[in-house]
Amino acid sequence: MIHGPCGNSNNRSPCMESGSCSKKYPRPFIQETQTGDDGYPKYRRRAPENGGFTVEINGKTLDNRWVVPYNPVLLRTFGAHINVEYCNSVKSIKYICKYITKGSDQAAFGFENDNDEVKLYESDRYISSSEAVWRILAFPIHERFPTVFHLSVHLENSQRVYFNPNDSSRLTDMINNPPKTTLLAFFDLCKTDDFI
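The text that follows walks through the structure, step by step, so that each part is easy to find. Quick caveat, the model's predicted, so the values are computed rather than measured.

The rules behind these values
- Residues numbered from 1 in each chain as written.
- Predicted model: local features only at pLDDT ≥ 70, side-chain atom pairs only at ≥ 80, totals over all residues.
- Heavy atoms only, no water.
- Helix = DSSP H or I, 4+ residues; strand = E, 2+ residues; numbered from the N terminus.
- Buried < 20%, exposed > 50% of the residue type's maximum accessible area, 1.4 Å probe, protein only.
- Contact = heavy atoms within 4.5 Å.
- Areas by Shrake-Rupley, 256 points an atom, 1.4 Å probe, with all protein chains shown as cover.
- 1 Å grid on protein atoms, 1.4 Å probe; cavity = no way out; pocket = protein on both sides within 12 Å on 5 of 7 lines; lining within 4 Å.
- Points joined across faces, edges and corners; volume = space filled by probe spheres on them.
- Patch = residues over 30% accessible without salt bridge, like charges linked within 9 Å, V, L, I, M, F, W, Y side chains within 5 Å.
- Salt bridge = Lys/Arg side-chain N within 4 Å of Asp/Glu carboxyl O.
- Disulfide = S-S within 2.5 Å.
- Pairing = 2+ DSSP bridges.
- Phe/Tyr/Trp six-rings, centres within 6.5 Å; stacked < 30°, edge-to-face > 60°.
- Lys NZ or Arg CZ within 6 Å of the ring centre and 35° of its normal.

### A few points about the overall build of the chain
Phase 1: For the chain, the helix and strand inventory stands at 6 helices and 6 strands.
Phase 2: Beginning at the N terminus, the succession of helices and strands in the chain can be written as β-β-β-β-β-β-α-α-α-α-α-α.
Phase 3: Out of the 196 residues in the chain, the part that is buried amounts to 15%.
Phase 4: In the chain, of all internal contacts separated by at least 6 residues, the share reaching a separation of at least 24 is 43%.
Phase 5: Accessible area of the chain: about 16800 Å², with a carbon and sulfur share of 54%.

Given below as structure tokens:
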């Protein structure tokens, strides 16, 4: 988790803007961690003469000023470079919510005399990041009342009947009194309920 090197050591580094590092490296040496003006902490970075470490990368000696804030447990767990910083500012909430609730970056405008509902649904549907995560985690998006579910549709007196061929008494009973399906139960409900 070493940044760079950049600056005078490497002017072609991707982080270089207008002759200086856009990530503010190398950071200054500091004896104790302090809260910065922007809410981000200024982490303790000891000089080599005060117990700090140095490392040589590509023939350049780098010290603690080049270390990117990290969490060793996360590095070992995921085997990846993960930058971790503590932020105690209100700006952090704004930063997080900006990406969670960020809307679409496009706009569509036009006049048409077309009543194709499927086309309108497909062309105007937008799923935000919040809704995408909600769907991935299989949380309920909205409730429906009454609950909507699939009815076993069939022609009149053509519903499926399951029986044991060895039990002839049960077969006779099923022919005389066929079992109710969800469709028939719905028709019975419509006779008594006004759905108001």
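### Here's the deal with the layout of surface pockets
Phase 1: Of the voids in this model, the second largest pocket is the one considered here, and its volume is about 350 Å³.
Phase 2: Going through the elements one at a time, β5 (54-57) and β6 (60-63) are the ones with two or more residues in the lining of the second largest pocket.

### Observations concerning a nonpolar patch on the surface
Phase 1: Taken together, the side chains of Val-133, Trp-134, Ile-136, Leu-137, Phe-139 and Ile-141 define a hydrophobic patch exposed on the protein surface, amounting to about 590 Å² of accessible area.
Phase 2: With respect to the secondary-structure elements, Val-133 resides in helix α4 (residues 129-136).

### Re the pattern of salt bridges
A side chain with one charge may pair with a side chain of the opposite charge, provided their charged atoms come close.
Phase 1: Taken as a whole and judged by the stated rule, the model has 4 salt bridges.
Phase 2: Asp-63 is the partner of Arg-65 in a salt bridge, and the nearest nitrogen-oxygen pair spans 3.1 Å.
Phase 3: Assessed through its relative accessible area of 28%, Arg-65 is described here as partly exposed.
Phase 4: One salt-bridge network, in which partners are shared between bridges, spans Lys-180, Asp-188 and Lys-191.

### Let's talk about the state of the cysteines
Phase 1: Under the defined criterion, the tally for this structure stands at 0 disulfides.
Phase 2: The cysteine Cys-15 is free of any disulfide, with Cys-21 supplying the nearest cysteine sulfur at 3.6 Å.
Phase 3: Looking at Cys-15, the relative accessible area reads 7%, which means it is buried.
Phase 4: According to the relative accessible area criterion, Cys-21 is buried, its value standing at 11%.

### Concerning the pairing of β5
The side chains of a regular strand alternate between the sheet's two faces.
Phase 1: With 4 bridges connecting them, β5 and β6 associate as antiparallel partners. Bridging across to β6, Val-55 finds its partner in Leu-62.
Phase 2: Following β5, the chain reverses through 2 residues before pairing antiparallel with β6; Asn-58 in that reversal takes a positive phi of roughly 50 degrees.

### Thoughts on the packing of aromatic side chains
For any two aromatic rings, the description comes down to two numbers: the centre-to-centre distance and the angle of the planes.
Phase 1: Within this structure, the stated rule accounts for 2 aromatic pairs.
Phase 2: The interplanar angle of 50 degrees and the centroid separation of 6.3 Å between the aromatic rings of Phe-186 and Phe-187 together place this pair among those described as tilted.
Phase 3: Classification of Phe-186 as partly exposed rests on a relative accessible area of 35%.
Phase 4: Since its relative accessible area comes to 43%, Phe-187 is described here as partly exposed.
Phase 5: Taking NZ or CZ as reference, Arg-27 lies 4.4 Å from the ring centre of Tyr-25, over its face.

### Here's the deal with the environment of Pro-48
Phase 1: Of note, Pro-48 is situated in the loop between β4 (41-42) and β5.
Phase 2: C-alpha of Pro-48 to C-alpha of Asp-63: the two residues are 15 residues apart in sequence and 7.1 Å apart in space.
Phase 3: For Pro-48, the contacting residues outside a window of four places in its chain are Phe-29, Thr-54 and Asp-63.

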